[in-house]
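Chain by chain, the residues:
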Amino acid sequence: MKLTAFTTAFILSAGMAAAAPNCDAISGTWTGTMKGEKFNGPVSMTVNSRCKVQWTLPDGSPNTCDYYFKGKQLKYKCTRKSRGNVSASANRIVMQNVDTARQHGAYTATFRR
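This section reports on the structure supplied with the text.

Cut-offs applied
Residues numbered from 1 in each chain as written. Predicted model: local features only at pLDDT ≥ 70, side-chain atom pairs only at ≥ 80, totals over all residues. Heavy atoms only, no water. Pairing = 2+ DSSP bridges. Helix = DSSP H or I, 4+ residues; strand = E, 2+ residues; numbered from the N terminus. Phe/Tyr/Trp six-rings, centres within 6.5 Å; stacked < 30°, edge-to-face > 60°. Buried < 20%, exposed > 50% of the residue type's maximum accessible area, 1.4 Å probe, protein only. Lys NZ or Arg CZ within 6 Å of the ring centre and 35° of its normal.

## Things to note about the pairing of strand β6 (residues 83-88)
No. 1: Examined bridge by bridge, strand β5 (residues 73-78) and β6 share 3 bridges and lie antiparallel to one another. From the neighbouring strand, Lys-77 faces β6, where its bridge partner is Arg-83.
No. 2: As paired elements, β6 and strand β7 (residues 92-96) share 4 bridges and run antiparallel to each other. By the bridge assignment for β7, Ser-87 is matched with Val-94.
No. 3: The hairpin turn running from β6 into β7, its antiparallel successor, is 3 residues long.

Here it is in structure tokens:
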């Protein structure tokens, strides 16, 4: 129920689908792990209130991403061409590259505050 309430508040703060989402509820620094075909290991990211993400991959390389809505689904797209789904709560963010798994290898990145 907490996740549903958070997601509803997050979506409502986004306004209309054409408007940029508001990431105040999840802004800040996050750390976690990435598990996948090509990358495995510790990751970190910083999310700002405008949903811009500065992500450091397990090999230390940077990846800049944007969170956005496609219908009711929160999605991400990055400068390194990966795209996928995001699920977010107050203390956890999960990114899965379901849209580009063939090109980049399937992965799941899980972050906590």
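## Here's the deal with the packing of aromatic side chains
No. 1: Evaluation of the coordinates by the stated rule reveals 2 aromatic pairs.
No. 2: Residues Trp-55 and Phe-111 carry aromatic rings whose centres are separated by 6.2 Å and whose planes lie at 70° to one another, so their mutual orientation is edge-to-face. Here Trp-55 is found in strand β3 (residues 52-56), whereas its partner Phe-111 is found in strand β8 (residues 107-112), with 56 residues between them in sequence.
No. 3: On the basis of relative accessibility, which here comes to 1%, the residue Trp-55 falls in the buried class.
No. 4: Overall, the relative accessible area of 0% leaves Phe-111 in the buried class.
No. 5: By way of ring pairs, the aromatic residues Trp-55, Tyr-107 and Phe-111 are connected into one cluster.
No. 6: If you follow Lys-77 out to its NZ or CZ, it ends over the ring of Tyr-68, 5.3 Å from the centre.

So far we have only geometry, and geometry alone does not tell us how the molecule works.
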